[in-house]
Amino acid sequence: MNEILLNDHNKEEFPPAHTAEHLLNQVMVRMFGCERSRNAHVERKKSKISYILDHKPDRKEEKEIERMMNELIEQDLPVTYEFVDRNHIPDDVKLDRLPDDASETIRLVRIGDFDVCPCIGKHVRSTSQIGRFEMLGTNWDQSTRSFRIRFKVVQ
């Protein structure tokens, strides 16, 4: 059997919070038409992640983010992996965030039919293992149009 060589991974994620990050990225893309976050700090106790948006989300939109996250978690979506070479990347997957020295073989992480992206981190087996998503607070920076979400997952 050929062993698949991927890039070294230099951090140890908390799988429930890291998987929640994937879900949150896709929720934000779908709700606001933004890009996935380029600025995330995901930890066991508290995480923060920022998005560039065209407007400051109101309280109703913030509540909807939290509601959608918990609905997706409760759906118990499977988290699966697919290994593909760079020449066979699905159209909906962007590689612009991979390091310059990324391997030819890319691991795609799929969460049901809701999200897919390249990632070499650790994840839960299904979304119900994430626990409950709690939004702790948000910040808006008008000058950079950056919306920061602070959250935790409660097991």
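So, here is what we can say about the structure in this document. (Residues numbered from 1 in each chain as written. Predicted model: local features only at pLDDT ≥ 70, side-chain atom pairs only at ≥ 80, totals over all residues. Heavy atoms only, no water.)

A separate point is the environment of C117. Of note, C117 is situated in strand 5 (residues 115–118). A relative accessible area of 9% places C117 in the buried class. With sequence-adjacent residues up to four places away left out, C117 is seen in contact with H22, R36, R107, L108 and V109. (Helix = DSSP H or I, 4+ residues; strand = E, 2+ residues; numbered from the N terminus. Buried < 20%, exposed > 50% of the residue type's maximum accessible area, 1.4 Å probe, protein only. Contact = heavy atoms within 4.5 Å.)

In this section: the sheet that holds strand 6 (residues 132–141). Taking strand neighbours across the sheet as the criterion, the four strands line up as 1-2-7-6 in an open arrangement whose pairing is antiparallel. Where the open sheet ends on each side, the last strands, each with one partner, are strand 1 (39–41) and strand 6. Across the sheet, the mean angle separating the axes of adjacent strands is 20° when strand polarity is ignored. Pairing between strand 6 and strand 7 (residues 146–154): nine bridges, direction antiparallel. If you follow F133 over to strand 7, its bridge partner there is V153. Each of strand 1, strand 2 (47–52), strand 6 and strand 7 touches helix 1 (residues 15–32); the most contacted strand, strand 7, lies at about 140° to it. Packed on one face of the sheet, helix 2 (residues 59–74) meets strand 6 and strand 7 and runs near 150° to strand 6. (Pairing = 2+ DSSP bridges. Axes fitted to C-alpha atoms, helices over the stretch in contact; angles between N-to-C directions.)

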